[in-house]
Amino acid sequence: GGTFEMCQLWLNLPKKNKMAKPRYQPLLNKDITVEEIADGVKVRVIAGTVGGTTGPAKTFSPVELWDINVEKKGTKVELDVPEDHNVILFVRRGMIHVGESEVGPQSVAIMERQGGNVIFTTDERNSQILLLGGEPLNEPIAARGPFVMNTQDELRQAMVDYQTGKLGR
């Protein structure tokens, strides 16, 4: 019994890796190391690095996926992320302040790329936040249905490959 939570992510791959064999990575709680970065602030490092801990997820480009738990209301949390990465904070539970913006449960804060720090303050006890970050690919995107490629021609070819059973082989 109990509540079951999971997060399923689909990442856009760099052009050179788009035709790589598909893979699934089941990551269980026992596979994920927790880094306590301050009193009452624990980070489950799924991908990327926090302190001296690197997450178990395998990625084709640099990615951060951190599950952050903050016990106390009013805690200021400062996280170091690579300076040029895009970052989104997803509030799973609780409430946080990012700058002047209040971000509640099941909401996101899209961070601007300036400097390598992400800073937020908790407005509720036991707030849980997912930090999702990654190196920008800076490549064109062509998308349709489940397919994400770089050009319309590549997109058409992916659909043909799927229809003829060649995709992923």
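You'll find the structure just up there.
Keep in mind the model is a prediction, meaning the values are calculated, not measured.

Peer 1: I tried to follow the pairing of strand β7 (residues 86-93) on my own but got confused; where do I start?
Peer 2: Each regular strand displays side chains that alternate between the two surfaces of the sheet. Bridge count for β7 against strand β12 (residues 127-134) is seven bridges, and the pairing is antiparallel. Paired with V87 across the strands is G133, a residue of β12. Across five bridges, β7 lies against strand β10 (residues 107-111) in antiparallel orientation. In the strand pairing of β10, L89 is matched with A109.

Peer 1: Even after reading the chapter, I still don't get the nonpolar core, so can you show me in this structure?
Peer 2: A general feature of soluble globular proteins is that nonpolar side chains tend to end up buried together. Counting 22 residues, the largest nonpolar core has W66, I68, L89, F120 and L131 as its most contacted members. For this core, the secondary structure elements donating two or more residues are β2 (41-47), β5 (63-70), β6 (76-80), β7, β8 (96-98), β10, β11 (117-122) and β12. Not counting residues up to four positions away in its chain, the partners in contact with L131 are E64, L65, W66, I68, L79, V81, V87, I88, L89 and V118.

Peer 1: How should I be thinking about unusual backbone geometry in this particular structure?
Peer 2: Trans is the prevailing form of peptide bonds, just as negative phi is the prevailing case for residues other than glycine. Even without a glycine there, the phi angle at Q106 is positive, about 65°. Along the chain, Q106 falls in the loop between β9 (101-103) and β10.

Reading the values: the criteria
Residues numbered from 1 in each chain as written. Predicted model: local features only at pLDDT ≥ 70, side-chain atom pairs only at ≥ 80, totals over all residues. Heavy atoms only, no water. Pairing = 2+ DSSP bridges. Helix = DSSP H or I, 4+ residues; strand = E, 2+ residues; numbered from the N terminus. Core = buried A, V, L, I, M, F, W, Y, C linked by side-chain atoms within 4.5 Å. Buried < 20%, exposed > 50% of the residue type's maximum accessible area, 1.4 Å probe, protein only. Contact = heavy atoms within 4.5 Å.

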